[in-house]
Amino acid sequence: AHLAALFLHGAGYSAMCGHAVLALGRFALDYGLVASPSCPETAVRLRCPCGPVTAFVPWDGRCSGNPVRFHSVPAFVAATDLAIDVPGHGKVVVDIGYGGTFYAFLSAEQLGLDVCSSKTRDLVNAASAVTEAVKKQFKLHHPESEDLAFLYGTILTDGKDTFSQEPTTNICVFADEQVDRSPTGSGVTARIALQYHKGLIQLNQTRTFRSSTTGSLFTGKAVQATKFGDYNAVIVEVSGEAFYTGAATFTVEEEDPLKYGFFFK
């Protein structure tokens with residue numbers, strides 16, 4: 001790999017972050033971490049907690065550009081049509097997919113909500129209740145590492161899983177009730193795996209995914225069928241844009257009483 005990464009969030013770290021991979025691909029080229037990048041596109045190999053991921057980054061000989069795409073680790077389906085009893089909501093039916101980390105998927109409609117028009121707080125509360133219920137009622141298995149066998153969050157969708165040229169909208173609630181600003185790279189990966197598993201899309205059919213919070217877009221497609229342990233899996237290509245917002249240097253001084261950080265909620 002050209003570099004390795006941990007993806008930090010307010011409750012620890014994630015095993016995979018697609019949007020960060022897009023950004024790290026650009027960073028690796030612009031800061032000279034890849035020897036002799038090639039035009040018009042350079043492959044950047046990253047070691048992520050979930051395994052090796054390759055980003056493909058536009059390169060004009062001077063600087064990186066957009067859109068960036070990446071090829072995922074093998075993505076697979078852990079469960080479909082799983083009945084879960086969610087306190088306050090009753091029985092719901094969820095699918096569980098893996099795209100570098102595990103997510104529960106269901107339409108917001110099952111919870112009496114609309115992913116495009118309901119209040120974000122209501123969506124977050126409902127998704128968090130689903131996450132906690134799934135954790136208690138379903139045991140996950142990862143073929144290579146039990147450290148990765150945990151539910152990272154819940155993705156509420158508009159229910160539009162059948163292939164279409166129109167975007168499908170979702171919201172990802174992960175970690176300690178954090179909301180993704182993007183359609184979620186690992187979530188798109190897992191959702192493509194689910195759609196492929198159900199026969200709703202074919203290899204190399206591109207779908208567009210929209211974040212309900214910011215409107216930002218990713219595209220995704222299954223590019224290769226494979227096996228991962230006992231699971232039928234697919235390699236998924238996700239494409240999107242990443243932009244620089246700044247650079248920072250962090251310093252720890254021993255006498256700082258807050259050197260280990262603090263937390264607002």
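Located above this text is the structure these notes cover.
The present account deals with the structure reproduced in this document. (Residues numbered from 1 in each chain as written. Predicted model: local features only at pLDDT ≥ 70, side-chain atom pairs only at ≥ 80, totals over all residues. Heavy atoms only, no water.)

1. Re the overall build of the chain
Phase 1: When you go through the chain residue by residue, the secondary structure sums to three helices and 15 strands.
Phase 2: For 265 residues, the compact-globule formula gives about 18 Å, and the C-alpha radius of gyration of the chain, at 19 Å, lands near that figure.
Phase 3: Considering only C-alpha atoms, the chain reaches an extent of 55 × 55 × 35 Å along its principal axes.
Phase 4: Among the 265 residues that make up the chain, the fraction classed as buried is 46%.
Phase 5: For the chain, contacts bridging at least 24 residues in sequence account for 59% of all contacts bridging at least 6.
Phase 6: On the chain, roughly 13200 Å² of surface is accessible, and the fraction owed to carbon and sulfur atoms is 51%.
Phase 7: Here the chain contributes 21 positively and 26 negatively charged side chains, and the mean placements of these two sets differ by 3 Å. (Helix = DSSP H or I, 4+ residues; strand = E, 2+ residues; numbered from the N terminus. Rg over C-alpha atoms; globule rule 2.2 N^0.38 Å. Buried < 20%, exposed > 50% of the residue type's maximum accessible area, 1.4 Å probe, protein only. Contact = heavy atoms within 4.5 Å. Areas by Shrake-Rupley, 256 points an atom, 1.4 Å probe, with all protein chains shown as cover. Lys, Arg positive; Asp, Glu negative; His and termini not counted. Charge placed at Lys NZ, Arg CZ, Asp CG, Glu CD.)

2. Re the pattern of salt bridges
Phase 1: Applying the stated criterion across every chain, the model contains eight salt bridges.
Phase 2: In this structure, the salt-bridge partner of R62 is D60, at a minimum N-O distance of 3.8 Å.
Phase 3: The class of R62 is exposed, set by a relative accessible area of 66%.
Phase 4: Connected through salt bridges with shared partners, the residues E41, R69 and E237 form a single ionic network. (Salt bridge = Lys/Arg side-chain N within 4 Å of Asp/Glu carboxyl O.)

3. Some points on helix α1 (residues 18-30)
Quick reminder: α-helices carry 3.6 residues per turn. Residues three or four places apart thus point the same way.
Phase 1: Its 13 residues give α1 an end-to-end C-alpha distance of 19 Å, which sits within 8% of 18 Å, the value for a rise of 1.5 Å per residue.
Phase 2: Regarding α1, the residues found buried are G18, H19, V21, L22, L24, G25, R26, A28 and L29. (Expected span 1.5 Å × (residues − 1).)

4. Side note on the packing of aromatic side chains
Phase 1: Under the counting rule described, the total for this entry stands at nine aromatic pairs.
Phase 2: Ring geometry for Y98 and F102: centres 4.7 Å apart, planes at 55°, overall tilted.
Phase 3: Residue class for Y98 comes out buried when judged on its relative accessible area of 0%.
Phase 4: Among the aromatic residues, those joined into a cluster by ring pairs are F76, Y98, F102, F228 and Y231. (Phe/Tyr/Trp six-rings, centres within 6.5 Å; stacked < 30°, edge-to-face > 60°.)

5. Quick notes on the pairing of strand β7 (residues 75-86)
Phase 1: In this structure, β7 lies alongside strand β15 (residues 231-240), joined through two bridges in antiparallel fashion. Looking at β15, one finds that A75 is bridged to V234.
Phase 2: Alignment of β7 against strand β8 (residues 90-98), held across eight bridges, turns out to be antiparallel. Bridging from a neighbouring strand, V86 pairs with G90 of β8. (Pairing = 2+ DSSP bridges.)

6. Here we look at the nonpolar core
Phase 1: By size, the foremost hydrophobic cluster in this structure holds 67 residues, and its most contacted members are V21, V44 and V94.
Phase 2: A per-element tally of this core places helix α2 (residues 120-137) first, with seven residues.
Phase 3: Each of domain 1 (3-72) and domain 2 (73-240) contributes no fewer than three residues to this core.
Phase 4: Formed by nine residues, the second largest nonpolar core is a distinct cluster that contains Y103, I155, F174 and L194. (Core = buried A, V, L, I, M, F, W, Y, C linked by side-chain atoms within 4.5 Å. Domains from an automatic or database assignment.)

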